[in-house]
Amino acid sequence: RSGQVPFVKAGPKREKLLRDTEAAGLTSLAEALRRLVDWRRAQLQELLIRHGGVLDGARLQGQDLSKLGFAKWSLRHADLSNCNLAVCDFSSAVLTDANLSGADLSGGNLIGATLTRANLRDAKLEGARLPPWSSGLMEGV
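Residues numbered from 1 in each chain as written. Predicted model: local features only at pLDDT ≥ 70, side-chain atom pairs only at ≥ 80, totals over all residues. Heavy atoms only, no water.

J.: How would you summarise the overall build of the protein if you had to cite specific residues and measurements?
T.: In terms of helices and strands, the protein carries two helices and zero strands. A burial count over the protein gives 36% of its 141 residues as buried. A total accessible area of about 8900 Å² is found for the protein, and carbon and sulfur atoms account for 53% of it. (Helix = DSSP H or I, 4+ residues; strand = E, 2+ residues; numbered from the N terminus. Buried < 20%, exposed > 50% of the residue type's maximum accessible area, 1.4 Å probe, protein only. Areas by Shrake-Rupley, 256 points an atom, 1.4 Å probe, with all protein chains shown as cover.)

J.: Let's hear about the side chain of Thr96: which residues, and what values?
T.: With respect to the element layout, Thr96 can be found in the segment after helix H2 (41–47). Discounting chain neighbours no more than four positions away, the residues touching Thr96 are Leu75, Arg76, His77, Thr114, Thr116 and Arg117. (Contact = heavy atoms within 4.5 Å.)

J.: Run through the pattern of salt bridges, naming residues and quoting values.
T.: Tallied over the entire structure, the rule returns one salt bridge. Note that Asp97 and Arg117 form a salt bridge whose closest N and O atoms lie 2.9 Å from each other. Highlighted residues: Asp97 in the segment after H2 and Arg117 in the segment after H2, separated in sequence by 20 residues. Residue Asp97 is classed as partly exposed on the basis of its relative accessible area, which comes to 25%. A relative accessible area of 47% means that Arg117 is categorised as partly exposed. (Salt bridge = Lys/Arg side-chain N within 4 Å of Asp/Glu carboxyl O.)

J.: Mind laying out the side chain of Ser101, listing which residues take part and the relevant values?
T.: By secondary structure assignment, the location of Ser101 is in the segment after H2. Each residue touching Ser101, except ones within four places of it in the same chain, is listed here: Ser81, Asn82, Asn119 and Arg121.

J.: Pulling in residues and values, what's your account of the packing of aromatic side chains?
T.: All told, the structure shown has one aromatic pair when counted by the stated rule. An angle of 5 degrees between the planes, with centres 4.9 Å apart, marks the rings of Phe70 and Phe90 as stacked. With Phe70 in the segment after H2 and Phe90 in the segment after H2, this residue pair connects regions lying 20 residues apart in the sequence. In this pair, the class of Phe70 matches that of Phe90, namely buried. (Phe/Tyr/Trp six-rings, centres within 6.5 Å; stacked < 30°, edge-to-face > 60°.)

J.: Just give me the short version of the environment of Gly69, but keep the residues and values in it.
T.: Among the structural elements, Gly69 can be located in the segment after H2. C-alpha of Gly69 to C-alpha of Ala93: the two residues are 24 residues apart in sequence and 9.9 Å apart in space.

J.: Which residues make up the nonpolar core, and what are the values?
T.: Phe70, Leu80, Leu85, Phe90 and Leu95 are the most contacted members of the largest nonpolar core, which totals 27 residues. Not counting the four nearest positions on each side in its chain, Leu80 is found in contact with Leu60, Leu65, Leu85, Leu95, Asn99, Leu100 and Ala103. (Core = buried A, V, L, I, M, F, W, Y, C linked by side-chain atoms within 4.5 Å.)

J.: Lay out the environment of Asn99 with the relevant residues and their values.
T.: Positionally, Asn99 belongs in the segment after H2. With a relative accessible area of 23%, Asn99 lands in the partly exposed category. Separated by 20 residues in the primary sequence, Asn99 and Asn119 place their C-alpha atoms 4.9 Å from one another. Beyond its immediate stretch of four places on either side in the chain, Asn99 contacts Ala78, Asp79, Leu80, Ser81 and Asn119.

J.: An account of unusual backbone geometry is requested, with residue identities and associated values reported.
T.: Backbone geometry at Ser92 places phi at a positive 60 degrees, although glycine is not the residue there. Within the fold, Ser92 resides in the segment after H2. Ser92 gets classed as partly exposed once you look at its relative accessible area, which sits at 39%. Look at Asp97: it is not a glycine, yet its phi comes out positive at around 60 degrees.

Right, dumping it as structure tokens:
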């Protein structure tokens, strides 16, 4: 509390104190960074009013983004794993190399979306409108 590091003789007690202090510092740093990096639904809704934005590399995993519009957005390398994306509009969006594993895309519109090398493992696609395989937009899926 004084801002000074207490003196501890070398040995296991000192090593434990250093590990505990480092762990506490890393935990608080991780929490602060998470607040800066993670996007929340309200912020996304505000952003998605515009068409054709860029969220390349965004880390959105596990978010409830249902019924939002991503039409003409670029989401290259975005992590949308385990997201609720039900009834979302991804028409003409670019999802190249995006991670959609475990995402719920049911009822969504992906017509015209580029899904090249997108990871759709375990994604729910019931009722989703997908680009035709012959379009080349789903290469490597």
